[in-house]
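# Structural overview
Here is how the chains run, residue by residue.
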Amino acid sequence: NQGNFYPEDALLSPIHGLLKFEDNHTFGPNLFVSAKYAWFGWGYGFAPRGGADKDGGINFNSNTAYGSWDTYTARKPWHIVDVNGSSFKSGTSGNHEFKFGFGYRRNPNASTTRWSGSEVVAHVNPSGDGQDYALAYRARVVNYTGQNINAFVGDTFTKGALTVNGGVRWDKQTAKNEASTAPANTAFPDLLPT
């Protein structure tokens, strides 16, 4: 297999690009906040060397495969939000540097595996008794979304040679399967419908 994409196929077409916004703002001498948003549209795929229009098969007499196999594509448009800040407070009892932040990342994934040609794979003499058969496949479409959320707050206290750090952090990770629809088999749409 070699890496390749099929932009002419709307189902398999990945969307590529990077979009990023960032704002760093100083709210007076004691408060600094940095906010970032990024959308990273990426994906990858594998195309059969023989081309996606050719059927494939396995010849068990010669222990070889022939023709073309499958095409795989994955689209992964990530959304990332990151907000961090620092606040400073000085006094006769010591100095405080407060840090706080929030993060969010959403990772949807849509992947498709489709057999080449008619989506029918020949099996020549698989059991050694001369009985040949073919298996009809339907594309495998998998969609799922993962999410990561985190928040933290901390303080660094200094007075003379004394430095004390303390803080708390909260993280939550979730993932769920999404609905997906597999297209009908090319050669036998009545046997393997959408």
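Before any of the text, the structure's been laid out above.
What comes next concerns the included structure. Once a new chain begins, its residue numbering starts again from 1 and follows that chain's sequence as written. Only residues with pLDDT of at least 70 get local features here, since the model is predicted, and only at 80 or more are side-chain atom pairs given and counted; chain-wide, interface and lining totals rely on the full set of residues. The basis for every side-chain value is the complete set of non-hydrogen atoms in the structure, without hydrogens or water.

Right, let's get into the packing of aromatic side chains. Pairing of aromatic side chains requires ring centres within 6.5 Å, counting the rings of Phe and Tyr and the six-membered ring of Trp. Pairs whose planes differ by under 30 degrees are stacked, by over 60 edge-to-face, and all others tilted. Under the counting rule described, the total for this entry stands at nine aromatic pairs. Here the aromatic rings of Y44 and Y72 are separated by 6.0 Å at their centres, their planes lie at 45°, and the arrangement is tilted. Taken together, the residues Y44 in strand β3 (residues 31–47) and Y72 in strand β6 (residues 70–91) connect sequence positions 28 residues apart. For every residue, the accessible area (1.4 Å probe, protein chains only) is compared with the maximum for its type, and the residue is labelled buried under 20%, exposed over 50%, or partly exposed between those bounds. Given a relative accessible area of 31%, Y44 falls into the partly exposed group. Among the aromatic residues, ring-to-ring pairing joins F40, W42, Y44, F46, Y72 and W78 into one connected group. Our definition puts a charge over a ring when NZ of Lys or CZ of Arg is within 6 Å of the ring centre and also within 35 degrees of the ring normal. Between the NZ or CZ atom of R105 and the centre of the ring of W78, over which it lies, the distance is 5.2 Å. Counting from the N terminus, the helices are the DSSP runs of H or I reaching at least four residues and the strands are the DSSP runs of E reaching at least two.

Take R105: it is sitting in strand β7 (residues 94–115). Sequence separation of R105 and I80 is 25 residues, and the distance between their C-alpha atoms is 4.5 Å. Note on definitions: a residue-residue contact is assigned when non-hydrogen atoms from the two residues lie within 4.5 Å. If near-sequence neighbours (up to four positions away) are discounted, R105 is found in contact with H79, I80, G146, Q147 and N148.

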